[in-house]
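Each chain is listed here by its residues.
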Amino acid sequence: MSDAVCSLLSCAMDEERVFGLSEYEGAPARWCAGCGDHSILAAAQRLLVEEQLAPEHTVFVSGIGCSSRFPHYLKTYGFHGIHGRALPVATGIKLSRPELDVFVVMGDGDCCSIGAGHWVHGIRYNMNMVVLLMDNNIYGLTKNQTSPTTPEGYASNTQPQGSYLAPLNPLSVTLGVTNASFVAQTADWVPAHLFATLKAAYRHKGLAFVRILQRCPIWTPDIFRQAVIDPERTQVLHHPAGIEAPEIDEIYTNRIEHDPSDLDAARTFARTSENVRIGLFYRDASRPRYEETRHLPVFTAEQRMEALNAELDRHAV
Amino acid sequence: MTTRTTASPRLETLPEHTVEVVSDSGEGAQKCGQIFGSVSAKMGNGCWTVEIIPAEIQPPARTPGSASGVRIRIGSEPITNWGDEARLVVALNEQVLLARHRMDALAEDAVILIEDMWATHSDESIRAAWDAAMKEMSGRAYRFVRVPIEQQTLTLTDNPRHGKNMFILGLLAWIYDRDLARVRKQIAHEFRKKSAEVIERNVALMELGVSWAEANVPFRFAVPPPDEQPEMVVMNGNQAIALGAIAAGLELCAMYPITPATSVSHYLGEIFDSVGGIVHQAEDEIAAAGVAIGASYAGKVAFTVTSGPGLALKTEFIGLAVMAEIPLVIVDVQRGGPSTGMPTKVEQADLLAALYGQPGDAPKVVLAPSTMEECFHCMITARRIAEALRCVVVVLTDANLATGVTPFPRPALDARWHSRQPDQRPVTETERPYAWDERLGLSRRFIPGQRGGMHTLTGLAHDEASHVTYAADVNQRASTMRSRKLAVLQSTLLAPPIVGPAEGDLLLVGWGSTKGAIEEAAARARHEGLAVSSTHLSFLSPMQPGLKEIFKGFNQVMTVELNYSDRPGDPFITEENRRRGQLSLLLRAQTLVDIDCWTRVPGQPLRPGQILEEVRERLAKGDAR
Ligand SMILES: Cc1ncc(C[n+]2csc(CCOP(=O)(O)OP(=O)(O)O)c2C)c(N)n1
Ligand code: SF4
Ligand SMILES: [Mg+2]
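Residues numbered from 1 in each chain as written. Chains lettered and ligands numbered in written order. Predicted model: local features only at pLDDT ≥ 70, side-chain atom pairs only at ≥ 80, totals over all residues. Heavy atoms only, no water.

A. Broad picture of the overall build of chain B. In terms of helices and strands, chain B carries 19 helices and 23 strands. For chain B, the C-alpha radius of gyration of 27 Å lies close to 25 Å, the compact-globule estimate for 625 residues. With the principal axes as the frame, chain B shows a C-alpha extent of 85 × 60 × 50 Å. Of all 625 residues assigned to chain B, the portion counted as buried reaches 60%. Residue pairs at least 24 apart in sequence account for 77% of intrachain contacts in chain B once pairs closer than 6 positions are excluded. For chain B, the distance from the average position of its 63 positive side-chain charges to the average position of its 74 negative side-chain charges is 3 Å. (Helix = DSSP H or I, 4+ residues; strand = E, 2+ residues; numbered from the N terminus. Rg over C-alpha atoms; globule rule 2.2 N^0.38 Å. Buried < 20%, exposed > 50% of the residue type's maximum accessible area, 1.4 Å probe, protein only. Contact = heavy atoms within 4.5 Å. Lys, Arg positive; Asp, Glu negative; His and termini not counted. Charge placed at Lys NZ, Arg CZ, Asp CG, Glu CD.)

Shown next as C-alpha cells:
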C-alpha cells in the first residue's frame, strides 16, 4: 500500500522483525458480549499479522461511538478523535505522511450523519487508506437513538413510534460520489469474507470503503437476525476480479455474478433489497489519489529560506 | 533617490498627507492606489494603504453603496495607521464622493478632484443627482477641481473603464511629485500578466494625467521621504502572515475560503509549492482544522487560517488539540460579527472566543500582531510555542491588517526559525506519551513512525499513558499540567513597553491593529500637554507580566478596542450591568484594577483623532479614580 518515501525519518524496516498477534494487541476490548465489533477487530488483527505491518507505521483513526473505541484495542498508533471527524484527521495524516498505513473506523452515526460531508469529500479525495463503516443501524454508545441507516419504522429511544424516514443507503451514496474507487460490503458474522474483504481493501490503491454490517445485540438484536440464521438471505457477489472467500462457498450458495469494474451494475446491485448483498461492488484502481496530486514537497530549511528570500525580493522597496 | 524637484511656488511641503481614490466598483481605483502606495513606499515614504470595499461584488453604479477605492496615507516618517480624514480625494462620480462625505471621511477643507462629465450630462436625472449631491456637501469648505477624466482618457483608449485609473495615477504622481520612472516600472509590474500593449497604453494614460495636472492643477504637495532607512519590503498583513508561515517552516495550510482571511491562501496557493508547502482547501472549516491537526499529529507543522464564523466551526477540534496536546496554529483574521456580520470590515471581537470558545477548560496561547511586520514575525513565534508547549496557538489579526499595505524593514531570514524536527529516537518501554514534567507540564511527543511510541491519542480524559480514565485525581492533574504550560510561557515574557512617561493621568491600553492609531492619539495628547501614555499587549493568553505595576502609575487606565461595550449613561446601563470591552474585561479580572474601556464597532479602523477627542473629554472631566 505504501511505496512513497518516508519524509520524516529513515523508516527503513528491520528485516528481522516478525510481528505476531500479541504485537498488535492493545487494551482488552470492552464491547458488549456478542457485539459484532469483536469479530471486526479480530479480522483487522489477522490482517495486520498477515501483512506484517510495522505497528509504529500503522495508524487507526476513529471518531466517537462504540465502534470508534477500536484503536484502543490495538497496539499501533491510534487517533480517537471527535464524533464524525475521523476522515479529515486521516486526510491530514495521509497528506503529510503518505508512507503511513492509515485505517479509518467509523460508526453509522459517525460517517453517515454528523460526518456525512467529510464522507462524501473523503471518497472524492480517494486517498490511499482503508475506511471501515461499522454499521449497526443505530447509535450504540449513546444508547439507542435512530441513525441514518436505521430501518424505517424501527423503534428507538428518540423515535419510539418507529423511525420516520427510509434509511440512507451507504453503498449507493458512496457509489454516487465522483472518484469512488473501491466499494465493498461484508458482515461481522461471515469472518472469512470479512477478512478477505479487509485484505482486498488494504491491497487496493486508493480509498477502500467497506461497509460492515455489524450486530448490536443490545439495541438492534433483531435487525440482522434473519440474515444471520438463513444464509439464503445473503447474496454473495461473485467474480474472478471480486473478493475471494472460498471458505464460505458451501454455506453461502446464493450468488450473483457481478463484474466490479461495472459501475452501473454496481449501483443496481447496491440498491436496498430483501437480501443482504456482500462482496465487491466496485473497484477502479486507476482513479487519481489526492496525496499524489497534492503531495508535500520536501525542502530543506536552507532551500525554503532561499525561496523565501526570492519571494521577499518581489516585495522589496 | 531621484525625485523631481520643482521650484513651483505652489508646492507645499507637508510631513504627511492622506489621499483617497473612489469610484464605482470595477473602475480600478484600488489598482491606482496600490501603484501610488507602492511607488511612495519605494521612494522611502512611510505609507499605509487601506481598501475601501463595497459590500457587493457588483453594486449598482453611481450610488453611494458602490463606493469602492482606496485610501493612501503617506508621510516622511513611518505611518502606523490610516489616519483621520482624507485631505485629497479623487472621485469618479459625485455619488461615491457623497458616500465618503456622509461617512465623515473627508477633511473640512479637502481638495477634491472630481470627474466633471456628470454635471453637464445629457441625462437630466444625472444632472439632478449631481446638483443634489453638491448641495448636500455645500456646508463644507471642500475645494473642488473639476477634471474631464473620461474625456481625456478617451483620447487614448476606447474603453475608459479600463484606463481612467491610470490617468488618475498620473494626476497624483504630479501632485505628489512622485518619481515617474518608478511609476512606469510599477505599472509594468502590476500588469505583468497583461500584454506589452496594455502596459504601454497604461503608461501613456498615466503620462497624460501628469501633463494634464501640470497644466491645470493649481497646487502640489511634497511629502519628502527621509534620507536614510533600512532595506524595506511592502505588503499587506495577509501576505505577511503567508510569508511568516513559510519562514516559520509551516508546510501545510488547511483552510476554507472566508473573507477577510482567504487572501492568505490565495497568496500561499501561488507560491507555497515552490517553497515547500501546500494549501489544502477543505470541504469546510471543521475539516480544515481536522486536516491541520492530522498533519501536525503526524509530525508536520500545519496551520489553518479563518475568520469568525470559521473559528466557531473549528471549536470542537480546537478542544481536541488542547486535550490531546497536539501543536496547532490557527490564524483568525477578525471581521465584524456576530454571525455573518460585516465580512469585509474590521472588528476585534473574537478575543474572548479565542480564549474561551471551547466548552470545558481549554487553555491555549493567544497572540495578536499589531503591524504588518508583526504579522510576519508572530508566525515564527506561534509555531515555536505550539511545538515547544504541545499546545494550540491562536493568532488574532483583523481586516485592517489583512488589507492594509505598508512598508517595513526587510526581515533578516534565519534558517533556525524552522524548529528542529521532532525527536524521532525510539521510545523505550517505560516512556509515556504524556509523561508530564511535574513542574513544567511539558511532555515528549511521540509521532507515528516512531518505534515504541505507539499509543492511542484521545480527546477523552486520559492518564500519562493516554489511557482513558475518569479518575478524579488523574483529571485534576492532567488539567493542571495543561494549564501549567501557560504559566511557564508567561514566566518567559517581558512586560509590554510603555510609550510615553510611566506615570500620568491616563494610560491607554490596546491590542492588535489599533496600535498605530492609539499611539498617535496619545502622542498628540502629550503634545497638547496632557499626561497620556499608552501600552499595547501582544500576548493575550497568557497575559504579559507586570501589568498591575504599570497600571499603578496612572490615575486612569482605559482600553481602546474595536469591539462592543455599553456606554455609561445609556438607558438601563449601570456600573454593575455594563457589558465591557473584551480586553478590559480580561484585565479587570486578571489585575483587579478598575479599568475602563472606550470601544466602538464602526466596521472601520479607529481614527487617531477620534481617540484623541475621547481622551480630551475624559481628562477635561477630571474624573480621577
Ligand atoms: C459533537 C457530538 N455530538 C454528539 C455526540 C454524542 N455521540 C457520541 S457517539 C454518538 C453516536 C454513535 O453512533 P455511531 O456513530 O453509529 O457509533 P456506534 O456507537 O453505533 O458504534 C453520538 C451521537 C458527540 N460525542 N459529539
Ligand atoms: S452497545 Fe451495541 S455496538 Fe455498542 S458495544 Fe454494545 S453491542 Fe456493541
Ligand atoms: Mg452505530
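Picking up where we left off.
B. Structural view of the confidence of the model for chain A. Mean pLDDT over chain A: 94, with 95% of residues reaching 70 or higher. Here residues 1-12 of chain A is a poorly scored stretch, pLDDT under 50, and it has 32 contacts once near neighbours within four places are set aside; other chains count. (pLDDT = per-residue confidence, 0-100.)

C. Summary view of the environment of H467 of chain B. Position of H467 of chain B relative to the elements: it lies in the loop between β17 (456-458) and α15 (472-490). Beyond its immediate sequence surroundings of up to four residues, H467 of chain B is in contact with A461 and H462 of chain B.

D. Layout of the coordination of the magnesium ion (ligand 3). Residue and element names in this part refer to chain A. D108 (OD), N136 (OD1) and I138 (O) make up the full set of protein donors to the magnesium ion (ligand 3), lying at 2.0 to 2.1 Å. The sequence pattern formed by the donor residues of the magnesium ion (ligand 3) is D-x27-N-x1-I. A relative accessible area of 2% places I138 in the buried class. (Donors = N, O, S within 2.8 Å, 3.2 Å for Na, K, Ca; no water.)

E. How the structure looks around the sheet that holds strand β14 (residues 365-367) of chain B. All names here are of chain B. Strands sit in the order β11-β10-β12-β13-β15-β14-β21 across an open sheet of seven strands; the sheet is mixed. Both edges of this open sheet fall to β11 (278-281) and β21 (539-541), since each of them pairs with a single strand only. If you compare each strand with its neighbour and ignore which way they point, the axes differ by 25 degrees on average. Taken together, the seven bridges between strand β13 (residues 328-334) and strand β15 (residues 392-398) define a ladder with parallel strand orientation. When the bridges of β15 are listed, I330 appears paired with V394. (Pairing = 2+ DSSP bridges. Axes fitted to C-alpha atoms, helices over the stretch in contact; angles between N-to-C directions.)

F. Representation of helix α10 (residues 301-315) of chain A. If you check α10 of chain A, its first and last C-alpha atoms are 21 Å apart, about what 15 residues at 1.5 Å a residue would give, namely 21 Å. Regarding α10 of chain A, the residues found buried are R304, M305, A307, L308, E311, L312 and H315 of chain A. Seen end-on, α10 of chain A carries its buried residues on one side only, within an arc spanning 165 degrees. For α10 of chain A, the exposed residues set more than 90 degrees away from the buried face come down to E302 and E306 of chain A. Elements that come into contact with the buried residues of α10 of chain A comprise β9 (232-236), α8 (237-247) and α9 (262-275) of chain B. (Expected span 1.5 Å × (residues − 1). Arc of directions from axis to C-beta.)

G. Main features of unusual backbone geometry. The residue after T259 of chain B, namely P260 of chain B, is reached through a cis peptide bond having omega 0 degrees. Mapping P260 of chain B onto the fold places it in the loop between β10 (252-255) and α9. A cis amide bond links S541 of chain B with the next residue in sequence, P542 of chain B, at an omega value of -10 degrees. Among the structural elements, P542 of chain B can be located in the loop between β21 and α17 (547-552). A positive phi angle, close to 80 degrees, is found at N179 of chain A, a residue other than glycine. Among the structural elements, N179 of chain A can be located in the loop between α5 (170-175) and β7 (182-187). The exposure class assigned to N179 of chain A is buried, which follows from its relative accessible area of 11%. Positive phi is not limited to glycine here, since R62 of chain B has a value of about 55 degrees. Mapped onto the elements, R62 of chain B comes out in the loop between β3 (46-52) and β4 (68-75).

H. Local environment of the packing of α10 of chain A against α9 of chain B. Close contact between α10 of chain A and α9 of chain B brings their axes to 9 Å; oriented N to C, the two are set at 140 degrees. Residues R304, A307, L308, E311, R314 and H315 of chain A of α10 of chain A lie in contact with α9 of chain B, whose contacting residues are Y267, E270, I271, F272, S274 and V275 of chain B. When grouped by side-chain class, the residues that make up the contact of α10 of chain A with α9 of chain B number six nonpolar, two polar and four charged. (Nonpolar A, V, L, I, M, F, W, Y, C, P; charged D, E, K, R; others polar.)

I. Representation of the side chain of D284 of chain A in the model. With respect to the element layout, D284 of chain A can be found in the loop between β11 (276-283) and α9 (290-293). Of note is the side chain of D284 of chain A, whose polar atom sits 2.6 Å from the side chain of S286 of chain A. (Polar contact = N/O pair within 3.5 Å; in protein donor to acceptor, adjacent residues only side chain to side chain.)

J. Fine view of the pairing of β3 of chain B. Residue and element names in this part refer to chain B. Within β3, six of the seven residues are buried, which leaves the element mostly enclosed by the surrounding structure. Where β3 meets β4, seven bridges bridge the pair, whose relative direction is antiparallel. In the strand pairing of β4, G46 is matched with G75.

K. Quick look at the pattern of salt bridges. Residues and elements named next belong to chain B. Inspection of the entire model under this criterion finds 51 salt bridges over all chains. In this structure, the salt-bridge partner of R524 is D84, at a minimum N-O distance of 3.1 Å. With R524 in helix α16 (residues 515-527) and D84 in the loop between β4 and β5 (86-91), the pair connects residues that are 440 residues apart, well separated along the chain. D84 gets classed as buried once you look at its relative accessible area, which sits at 15%. Among the ionic pairs, R140 bridges to D104, the shortest N-O distance being 2.9 Å. Placement of the pair is R140 in the loop between α3 (124-136) and β7 (143-147) and D104 in the loop between α2 (94-102) and β6 (106-115), with a sequence separation of 36 residues. One salt-bridge network, in which partners are shared between bridges, spans E16, R73, D84, E520 and R524. (Salt bridge = Lys/Arg side-chain N within 4 Å of Asp/Glu carboxyl O.)

L. How the structure looks around the site of ligand 2. Residue and element names in this part refer to chain A. Looking at ligand 2, the residues that line it are W31, C32, C35, C66, N136, Q214, C216, P217, I218 and W219. Mapping ligand 2 onto the cavity grids shows that it belongs to the second largest pocket. When grouped by side-chain class, the residues that make up the shell around ligand 2 number eight nonpolar, two polar and no charged. (Near = heavy atom within 4 Å. 1 Å grid on protein atoms, 1.4 Å probe; cavity = no way out; pocket = protein on both sides within 12 Å on 5 of 7 lines; lining within 4 Å. Sits in = over half its atoms within 2 Å of the grid points.)

M. Representation of the domain arrangement of chain B within the structure. Residues and elements named next belong to chain B. If you check the domain split of chain B, you get domain 1 (11-222), domain 2 (234-417), domain 3 (422-492) and domain 4 (498-621). For domain 2 versus domain 3, the separation of C-alpha centres amounts to 25 Å. The partner domain 3 presents 22 residues to the 20 residues of domain 2 that form the contact. Across the domain 2 to domain 3 interface the summed buried area is about 1900 Å²; carbon plus sulfur atoms make up 63%. Three residues, Y297, M323 and R390, lead the burial of domain 2 against domain 3; their summed loss comes to 36% of the area buried on that side. Applying the counting rule to domain 2 against domain 3 returns two salt bridges. Here K485 makes a salt bridge to E325, at a shortest N to O gap of 2.8 Å. (Domains from an automatic or database assignment. Buried area = accessible area lost by both parts, 1.4 Å probe.)

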